[in-house]
Amino acid sequence: MSVKQYFNSKLKVKLAVLLPVYNSELFIEKCINSILSQTYKYFHLHVFDDGSYDNSADLIHKICDERLFYHKSDQNLGLSTTLNWGLKILNENYDFIARMDADDVCFPKRLELQLKHMLRNPEISLCGTQGYWSNNIDGENWSNWTYPISHDEIKIGLLFSACFGHSSVMFRTSFLREFQLKYNPRFQVTEDWELWARAINLGKFENMPDFLMKYRIHSKSNHRALENLYKHRDEKSYILSKYWQNFGISFPESLVKKFYFEKKVNTSEFRQVICI
């Protein structure tokens, strides 16, 4: 099926948007409206509510659109488990899954351009985009956040950052099914980074050069919340220690913490660790 035929086909919805929500009443309407206003219309938006106790559910139920589906957990499962809940439901029923976070918004052509890119490049298993970051998403002071584009750049970049805006990612579900990929519930702050590091050698990853997302920076963001500071450091240290092994280098977690966080390892010591 050609790209044009795919886009004109209304017989089966092949794209799902996976949106986890937890106490997101301040942002959820703007987020959902940005998705439902996409130029590409043939998708389903699945909202997975992780036990919210604020007004999120009422706000979501006020939105009338046959493409919107709401799932509610009776308890707070945590982000990784909620995402896996979503993947389990969506994986078998769609060709592609696009991620979205409740405090972000996407530009109108995000799904159209991203889906076309993946259809034209069937070897790509996972695709992200560039984005803007701001603590005032309605204001004019946005900062570009540029991610590496090619697979090889991403593979090296994962030694230093997650390399994707998590809510910009689109998965090819055949890739997820083939390798039985899902998020590791152990990781609640760096769940995306851990998955990318584990899956990078199984498929081809890319970021598009297009700026198609606006990310909201605020104190309650999962990885920015003060209570998650040390959890973020510990999770990141584990991921990096294990990921360095892909390059034949043993880099213990204790040294990862000293080099990446405490800055107690100088360049000379670091070169000795990685045998340069």
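Now for a quick tour of the structure. Since this is a predicted model, take the numbers as computed values, not measurements.

**Remarks on the overall build of the protein**
Part 1 of the argument: Scanning the protein from terminus to terminus reveals eleven helices and nine strands.
Part 2 of the argument: Restricting the contact set of the protein to residue pairs at least 6 apart, pairs at least 24 apart contribute 75%.
Part 3 of the argument: Per element, the accessible surface of the protein, about 13,600 Å² overall, is 50% carbon and sulfur.

**Section: the packing of aromatic side chains**
Part 1 of the argument: The tally for this structure, following the rule as stated, stands at 21 aromatic pairs.
Part 2 of the argument: Here the aromatic rings of Trp145 and Tyr147 are separated by 6.4 Å at their centres, their planes lie at 40 degrees, and the arrangement is tilted.
Part 3 of the argument: Of the residues examined, Tyr147 reaches a relative accessible area of 8% and is grouped as buried.
Part 4 of the argument: Taking 5.4 Å as the distance between ring centres and 70 degrees as the angle between the ring planes, the aromatic pair formed by Trp244 and Phe251 counts as edge-to-face.
Part 5 of the argument: In this structure Trp244 comes out as buried when scored by relative accessible area, which is 5%.
Part 6 of the argument: Take Phe251: its relative accessible area is 2%, and that puts it in the buried class.

**Things to note about the nonpolar core**
A general tendency of soluble globular proteins is for nonpolar side chains to be buried together.
Part 1 of the argument: Of all hydrophobic cores here, the largest spans 38 residues; its most connected members are Leu158, Phe164, Phe171, Trp196, Phe205 and Tyr260.
Part 2 of the argument: Listed by contribution, the elements that provide at least two residues to this core are strand E1 (15-21), helix H4 (79-90), helix H7 (173-178), helix H8 (191-199), helix H9 (229-243) and helix H10 (253-262).
Part 3 of the argument: Ranked by residues supplied to this core, first place goes to H8 with five residues.
Part 4 of the argument: Apart from residues no more than four positions distant in its own chain, Phe171 is found in contact with Asp95, Phe96, Ile97, Arg99, Met118, Ser125, Leu126, Leu176, Tyr183, Leu195 and Trp196.

**Some words on the pairing of strand E4 (residues 96-99)**
Part 1 of the argument: Here E4 shows a buried face lined by Phe96 and Ala98 and a second buried face lined by Ile97 and Arg99.
Part 2 of the argument: Both E4 and strand E8 (residues 170-172) contribute to a ladder of three bridges, which runs antiparallel. By the bridge assignment for E8, Ala98 is matched with Met170.

**Brief notes about the pairing of strand E3 (residues 68-72)**
Part 1 of the argument: Inspection of the sheet shows strand E2 (residues 44-49) paired to E3 by five bridges, in the parallel sense. Bridge assignment links Leu45 to a residue of E3, and that residue is Leu68.
Part 2 of the argument: Note on the crossover from E2 through helix H3 (residues 56-61) to E3: the handedness is right-handed.

**A word on the packing of H9 against H10**
Part 1 of the argument: The N-to-C vectors of H9 and H10 enclose an angle of 120 degrees; their axes lie 9 Å apart at closest approach. The two elements H9 and H10 meet at a crossing, and its hand is right-handed. Contacts between H9 and H10 pair Arg233, Asp234, Lys236, Ser237, Tyr238, Leu240 and Ser241 from the former with Glu253, Val256, Lys257, Tyr260, Phe261 and Glu262 from the latter.
Part 2 of the argument: Looking at the contact of H9 with H10 residue by residue, the class counts come to five nonpolar, two polar and six charged.

**Focus: the side chain of Gln38**
Part 1 of the argument: You can see Gln38 is positioned in the loop between helix H2 (28-36) and E2.
Part 2 of the argument: According to the relative accessible area criterion, Gln38 is buried, its value standing at 0%.
Part 3 of the argument: Among all residues touching Gln38, those that are not within four sequence positions of it are Phe43, Cys106, Phe107, Pro108, Lys109, Arg110 and Leu111.

**Some thoughts on the pattern of salt bridges**
Part 1 of the argument: Summed over all chains, the structure comprises eight salt bridges.
Part 2 of the argument: In this structure, Glu194 engages Arg198 in a salt bridge whose closest nitrogen and oxygen atoms are separated by 2.8 Å. Here Glu194 pairs with Arg198, and both are found in helix H8, just four residues apart, close to one helical turn.
Part 3 of the argument: Overall, the relative accessible area of 10% leaves Glu194 in the buried class.
Part 4 of the argument: Across the pair Lys204 and Glu206 runs a salt bridge, and its minimum N-O distance is 3.6 Å.
Part 5 of the argument: We classify Lys204 as partly exposed; its relative accessible area is 29%.
Part 6 of the argument: Assessed through its relative accessible area of 14%, Glu206 is described here as buried.
Part 7 of the argument: Salt bridges here are not isolated pairs; linked through shared partners, they connect Glu123, Lys204 and Glu206.

Conventions we followed
Residues numbered from 1 in each chain as written. Predicted model: local features only at pLDDT ≥ 70, side-chain atom pairs only at ≥ 80, totals over all residues. Heavy atoms only, no water. Helix = DSSP H or I, 4+ residues; strand = E, 2+ residues; numbered from the N terminus. Contact = heavy atoms within 4.5 Å. Areas by Shrake-Rupley, 256 points an atom, 1.4 Å probe, with all protein chains shown as cover. Phe/Tyr/Trp six-rings, centres within 6.5 Å; stacked < 30°, edge-to-face > 60°. Buried < 20%, exposed > 50% of the residue type's maximum accessible area, 1.4 Å probe, protein only. Core = buried A, V, L, I, M, F, W, Y, C linked by side-chain atoms within 4.5 Å. Pairing = 2+ DSSP bridges. Right-handed = clockwise from strand over helix to strand, strands pointing away. Axes fitted to C-alpha atoms, helices over the stretch in contact; angles between N-to-C directions. Left-handed = near helix turned anticlockwise from the far one by under 90°. Nonpolar A, V, L, I, M, F, W, Y, C, P; charged D, E, K, R; others polar. Salt bridge = Lys/Arg side-chain N within 4 Å of Asp/Glu carboxyl O.

By themselves, these observations are geometric and do not establish any function.
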